[in-house]
Amino acid sequence: MKIKESVPQKIFHKCNVCFMVLMIVVTLYPFMYVLFASLSNATLLMAHQGPLWFPIAPNLEAYEAVLKNKMIFSGYRNTVIILAVSLMLNILLTSFGAYVLSRREIMIKKPLIIYIVFTMFFSGGLIPFYYVVTSLGMYDTLAAVILPSAINTFNLIILRTGFEGIPVSLEESAKLDGAGDLTILFKIMMPLTLPTIAVVILYYAVATWNAWFHAMIFIRTRSLYPLQLVLREILIGCDTSIMENGADLGEAQAVSETIQYAVIMVATMPVLMIYPFLQKYFVKGVLVGAVKG
């Protein structure tokens, strides 16, 4: 049976729909603007004023110019390598840490948690961090990008909360059957907290994909640049590179504008394509531990 709504309810629902549509437009338009601008004619785009609702004289010149840059492909390769190795370390080490912190019999559990959370608010600073990385022989290697960010405290707390939501009886039953800590972790804890792990993977993957600061500090060999550092180099230096090819100043500025938008799209699309497959786990994982009882 359809419940009859009162007039105030109908007004509220219509206003709510209008508000949500407005929020969708506000959220989606910046992305659509970048996409339309990357597909537009460079000169006409520079002359355009106001909102951009469709590509102007659509073409793929900007994407062709970006893909001719060999650093784009090497950047993708390095980023994929960093992402694959980082995710394995991230999930493995974070799971180990979360499992230990979720154990009820750990005597120093509270001081240990306080010590770990303290690192979320205070750090040793950039200079000590730089000296630690260089003294370990990781300078100008991909390890300098991978190892220092192997564990994120926020993600560790999320996964620990997920592990604490598993009934103690399951762990006790497994121990009676002779299971050790590794068996309990990999065959009970992790399968039962898959939504939480999916969210943690998403957080780690997005952070690793977008990371550029550590690479800028520690990597000097251009063939080791990750994609985001290549993106930064193109966005900052594309005007000079275009003018060196003989273009006049006005044309150079116009083409560089569309190239910047195209580079942003090339670097962003992989994350946007992967996110929908993990979205179904996102709400479940974020709400883990929110309700106690």
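What you are looking at is a predicted structure, and each value in this text was computed from that prediction instead of being measured.

K.L.:
Which residues make up a nonpolar patch on the surface, and what are the values?
P.N.:
A cluster of nonpolar side chains, L92, L93, F96, I151, L182 and F186, forms an exposed patch at the surface whose accessible area comes to about 500 Å². Contributions of two or more residues to the nonpolar patch are made by α4 (70-102) and α10 (181-192). The element best represented in the nonpolar patch is α4, accounting for 3 residues. Within the element layout of this structure, F96 appears in helix α4.

K.L.:
Explain the pattern of salt bridges to me, and be specific about the residues and the numbers.
P.N.:
Taken as a whole and assessed by the stated rule, the structure comprises 4 salt bridges. Here E171 ties to R103 by a salt bridge, and the two come within 2.3 Å at their closest N and O atoms. Placement of the pair is E171 in helix α9 (residues 168-176) and R103 in the loop between α4 and α5 (109-121), with a sequence separation of 68 residues. Judged by relative accessible area, which is 6%, E171 ranks as buried. With a closest N to O distance of 3.2 Å, E164 and R160 form a salt bridge. Of this pair, E164 and R160 both sit in helix α8 (residues 153-164), 4 residues apart, roughly one helical turn.

K.L.:
Can you explain the state of the cysteines? Please cite residues and give values.
P.N.:
All chains considered together, the criterion is met by 0 disulfides. In this structure C15 is a free cysteine whose sulfur lies 6.4 Å from that of C18, the closest cysteine sulfur available. We classify C18 as exposed; its relative accessible area is 55%.

Parameters and conventions
Residues numbered from 1 in each chain as written. Predicted model: local features only at pLDDT ≥ 70, side-chain atom pairs only at ≥ 80, totals over all residues. Heavy atoms only, no water. Patch = residues over 30% accessible without salt bridge, like charges linked within 9 Å, V, L, I, M, F, W, Y side chains within 5 Å. Areas by Shrake-Rupley, 256 points an atom, 1.4 Å probe, with all protein chains shown as cover. Salt bridge = Lys/Arg side-chain N within 4 Å of Asp/Glu carboxyl O. Helix = DSSP H or I, 4+ residues; strand = E, 2+ residues; numbered from the N terminus. Buried < 20%, exposed > 50% of the residue type's maximum accessible area, 1.4 Å probe, protein only. Disulfide = S-S within 2.5 Å.

Geometric descriptors of this kind do not, in isolation, establish any biological role.
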